[in-house]
Amino acid sequence: MKTLDVVIAEHPFFSGFDPAHTALIAGCGRIAAYQPGEFLFQAGLPADDFFLLRRGTVALELEVPGRGPFRFGTATAGEVIGWSWLFPPYEWQFDARAIDAVGVVRFDGACLRGKCEADPVLGYAVMKAFAGVLVDRFIDTRLQLVDVYGHRG
Amino acid sequence: MATVAEAATRNAALLPRPWRVVAASRESHDVVTLELESAAGETSAWQPGQFNMLYAFGIGEVPISFSGGDPRRLRHSIREVGTVSRALAGLVPGTLAGVRGPYGSAWPLDAARGGDVVIAAGGIGLAPLKPLVERICAERNDFGSVSLLYGARTPVDRLFGACLADWRAQGIDVAETVDHADAGWTGQVGVVTTLVRRARFDPATTRAFLCGPEIMMRFTALELERAGLAPTAIALSMERNMQCALGWCGHCQLGPWFVCLDGPVFDWPRMRELMMVRGL
Ligand SMILES: Cc1cc2nc3c(=O)[nH]c(=O)nc-3n(C[C@H](O)[C@H](O)[C@H](O)COP(=O)(O)OP(=O)(O)OC[C@H]3O[C@@H](n4cnc5c(N)ncnc54)[C@H](O)[C@@H]3O)c2cc1C
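Summarised in this report is the structure supplied together with it.

Calculation criteria
- Residues numbered from 1 in each chain as written.
- Chains lettered and ligands numbered in written order.
- Predicted model: local features only at pLDDT ≥ 70, side-chain atom pairs only at ≥ 80, totals over all residues.
- Heavy atoms only, no water.
- Helix = DSSP H or I, 4+ residues; strand = E, 2+ residues; numbered from the N terminus.
- Rg over C-alpha atoms; globule rule 2.2 N^0.38 Å.
- Buried < 20%, exposed > 50% of the residue type's maximum accessible area, 1.4 Å probe, protein only.
- Contact = heavy atoms within 4.5 Å.
- Areas by Shrake-Rupley, 256 points an atom, 1.4 Å probe, with all protein chains shown as cover.
- Lys, Arg positive; Asp, Glu negative; His and termini not counted.
- Charge placed at Lys NZ, Arg CZ, Asp CG, Glu CD.
- Buried area = accessible area lost by both parts, 1.4 Å probe.
- Salt bridge = Lys/Arg side-chain N within 4 Å of Asp/Glu carboxyl O.
- Polar contact = N/O pair within 3.5 Å; in protein donor to acceptor, adjacent residues only side chain to side chain.
- Nonpolar A, V, L, I, M, F, W, Y, C, P; charged D, E, K, R; others polar.
- Near = heavy atom within 4 Å.
- Pairing = 2+ DSSP bridges.
- Axes fitted to C-alpha atoms, helices over the stretch in contact; angles between N-to-C directions.
- Parallel < 35°, antiparallel > 145°, perpendicular 65-115°, else oblique.

**A look at the overall build of chain B**
1) Next: When helices and strands are counted, chain B shows eight helices and 16 strands.
2) Next: Taken over the C-alpha trace, chain B has a radius of gyration of 19 Å; the compact-globule value for 280 residues is 19 Å, and the two agree within 12%.
3) Next: Viewed in the frame of its principal axes, chain B has a C-alpha envelope of about 60 × 40 × 40 Å.
4) Next: Every one of the 280 residues in chain B was classed for burial, and the buried ones make up 51%.
5) Next: In chain B, of all internal contacts separated by at least 6 residues, the share reaching a separation of at least 24 is 69%.
6) Next: Summed over all atoms, the accessible surface of chain B reaches about 11800 Å², with 53% contributed by carbon and sulfur.
7) Next: Charge centroids of chain B, computed over 27 positive and 28 negative side chains, lie 3 Å from each other.

As structure tokens, then:
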């Protein structure tokens, strides 16, 4: 069986990380699994963690009163979800729900925050990796807003 | 001044030939596929990526790509957006449509042999790519991994569902996403560029073929470049308002190019800057 630092080092999100850093990061993670329909996190609850997806698909949703869940995106193996652990008030703004059987590495956000504060080089590497994901999501959301297929195409 | 003979040649080039609708099938709430056979026993040596000018008699003529078929039986998939496309989509078996073509450039498939292939389609953009995928399936061993990344607006807008399943069975990695869905949809949600990030291919040997709304193609091409593809390895099909399809009228001019003659399939380096020009 692979050790957690190997699992993490092989995941695209942490590819390119210094092995000493992945070893440190691994200390905050554990393997977890979710059944179809199970929530990884829910809006309003404390955001204590983030998730490296290894298997399955996760729906990202917002519960709209009177309309039910609005699904604005999905994430699959090779991706990372959850950044509310990075900034106060450390509270989830959206729901993440397993669509099928989902396997993850689940990280304790407070643990990793502590290590990032103590080691700014690690902190910068983690922030840079999350910033890259945030920029991609931001561009994706803008394209979704354009509704390219709506009128021409 | 044009001689009488020259004028006659020009007129002949503009003359639609009668083709009979032999089948019409609804692909979605706003897309219909017509199958056409020549009323005069003619054939058409078309290539994937090319288009015909289809004439709805008495109403108008529009460019529509080949979405399948063979030289005797042509398939065109038409999205109903306005007067002419609606009239064409409303044609029933037994009626006639006017056909001029085939016109334009084809997908550069030969350049892709021996390497990986990424095909990215958005909306009705899957129609012009469909015969390309069919050809790849027929010659599957000539290619490495083949990924088809297909984005639609919502689940009900998805096209060619049966074909997608067939292609999967023939070794094509089909990934789908929709921009918007309710909780009943168990597939991916998000724009088609998210599928590029998830696809597995060797950028050094990959050729990419894109068709869809311009914005979708622009961001997909940029994402492919980011993944390491050479810009020259990316081909895309441009849509521009067109009238003569013969390079005479200039309606489809795009910078130095006529989409009807030089395109509709271009390589990305020729389009990259033009697609960034505001208002073009
Ligand atoms: C090379 C080429 C290949 C094409 N291949 C196909 C094809 O395989 N299948 C297909 O359905 N269409 C295809 N098109 C687009 C098709 O030609 C147009 O949808 C058609 O000309 C619209 O004519 P219309 O009279 O129905 O609509 P118009 O009356 O011209 O327009 C009606 C409304 O539709 C909008 N509109 C116009 N063009 C489009 C468009 N392309 N997409 C969405 N909205 C539009 C207009 O802005 C207007 O609001 C292709 C275009 C080109 C240049």
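**So, the interface of chain A and chain B**
1) Next: In this assembly, 23 residues from chain A lie in contact with 29 residues from chain B.
2) Next: For the pairing of chain A and chain B, the buried interface totals around 2300 Å² over both sides, and the portion due to carbon and sulfur atoms is 50%.
3) Next: Summed over the shared surface of chain A and chain B, the result is five salt bridges.
4) Next: Among the ionic pairs, Asp140(A) bridges to Arg197(B), the shortest N-O distance being 2.8 Å.
5) Next: At the surface where chain A touches chain B, the tally comes to 12 residue pairs in polar contact (both at pLDDT 80 or more).
6) Next: If you list the elements that add at least two residues to the side of chain A that touches chain B, you get strand 4 (57-64), strand 5 (68-76) and helix 4 (120-146) of chain A.
7) Next: With seven residues, the top contributor of residues to the side of chain A that touches chain B is strand 5 of chain A.
8) Next: Of the residues that constitute the side of chain A that touches chain B, the class distribution is nine nonpolar, seven polar and seven charged.

**Topic: the pattern of salt bridges**
1) Next: With the rule as written, the count across this model stands at 28 salt bridges over all chains.
2) Next: Residues Glu79(A) and Arg198(B) are paired through a salt bridge, measuring 2.4 Å at the closest nitrogen-oxygen approach. Placement of the pair is Glu79(A) in the loop between strand 5 and strand 6 (80-81) and Arg198(B) in helix 5 (residues 193-198), with the two residues belonging to separate chains. Considered together, Glu79(A) and Arg198(B) belong to a single accessibility category, that of buried residues.
3) Next: For Asp30(B), the salt bridge identified is with Arg79(B), shortest N-O distance 3.1 Å. Of this pair, Asp30(B) sits in the loop between strand 1 (17-28) and strand 2 (31-38) while Arg79(B) sits in strand 6 (residues 73-79), and the two are 49 residues apart along the sequence. Both residues of the pair, Asp30(B) and Arg79(B), belong to the buried class.
4) Next: Taken together, the shared-partner salt bridges in this structure form one network comprising Asp136(A), Asp140(A), Arg197(B), Glu223(B) and Arg226(B).

**Digging into the side chain of Ser85(B)**
Residue and element names in this part refer to chain B.
1) Next: Locating serine 85 in the fold gives a position in helix 2 (residues 83-89).
2) Next: The buried category is assigned to serine 85, whose relative accessible area is 7%.
3) Next: A polar contact of 3.4 Å, which involves the side chain of serine 85, links it to the backbone oxygen of arginine 79.
4) Next: A distance of 3.0 Å separates the side chain of serine 85 from the backbone nitrogen of glycine 82, its partner in a polar contact.
5) Next: Apart from the residues within four sequence positions on either side, serine 85 is in contact with Ile78, Arg79 and Glu80.

**What about the site of the ligand?**
1) Next: Not every one of the 21 residues close to the ligand is listed here, only the nearest: Pro63(B), Ser77(B), Arg79(B), Ser85(B) and Glu239(B).
2) Next: In this structure the ligand sits where residues from chains A and B come together.
3) Next: Here Ser65(B) contributes a side-chain N or O atom positioned 3.1 Å from a nitrogen atom of the ligand.
4) Next: Take Val81(B): an N or O atom from its main chain is 3.3 Å from an oxygen atom of the ligand.
5) Next: Protein contact buries 76% of the 910 Å² of open area that the ligand shows by itself.
6) Next: Among the elements that take part in the shell around the ligand, strand 4 (residues 60-65) of chain B stands out by supplying four residues, more than any other.
7) Next: A per-class count over the shell around the ligand returns 10 nonpolar, seven polar and four charged.

**Considering the sheet that holds strand 2 (residues 39-41) of chain A**
Residue and element names in this part refer to chain A.
1) Next: The strand order 2-7-4-5 describes an open sheet built from four strands, whose pairing is antiparallel. Edge strands, defined here as strands with exactly one partner in the open sheet, are strand 2 and strand 5. Adjacent strand axes in the sheet meet at a mean angle of 35 degrees when their direction is disregarded.
2) Next: Pairing between strand 4 and strand 7 (residues 95-98): four bridges, direction antiparallel. Its bridge partner being in strand 7, glutamate 61 is matched across the sheet by aspartate 95.

**Some remarks on the packing of helix 2 (residues 19-26) of chain A against helix 4 of chain A**
Residues and elements named next belong to chain A.
1) Next: Axis separation between helix 2 and helix 4 bottoms out at 11 Å; the angle between their running directions is 85 degrees. Of the possible angle classes, the one that applies to helix 2 and helix 4 is roughly perpendicular. Here His21, Leu24 and Ile25 of helix 2 lie close against helix 4, whose contacting residues are Val121, Leu122 and Val126.
2) Next: The class makeup of the residues in the contact of helix 2 with helix 4 is five nonpolar, one polar and no charged.

**Some points on the sheet that holds strand 6 of chain A**
Residues and elements named next belong to chain A.
1) Next: Read from one edge of the open sheet, four strands run 1-8-3-6, paired in antiparallel fashion. Strands with a single pairing partner mark the edges of an open sheet, and in this sheet they are strand 1 (29-34) and strand 6.
2) Next: As judged from the two bridges shared by strand 3 (residues 49-55) and strand 6, these two strands associate in the antiparallel manner. Its bridge partner lying in strand 6, phenylalanine 51 is registered against isoleucine 81.
3) Next: Sheet strands in contact with helix 3 (residues 109-118) are strand 3 and strand 8 (102-108), and its direction is about 50 degrees off that of strand 8.

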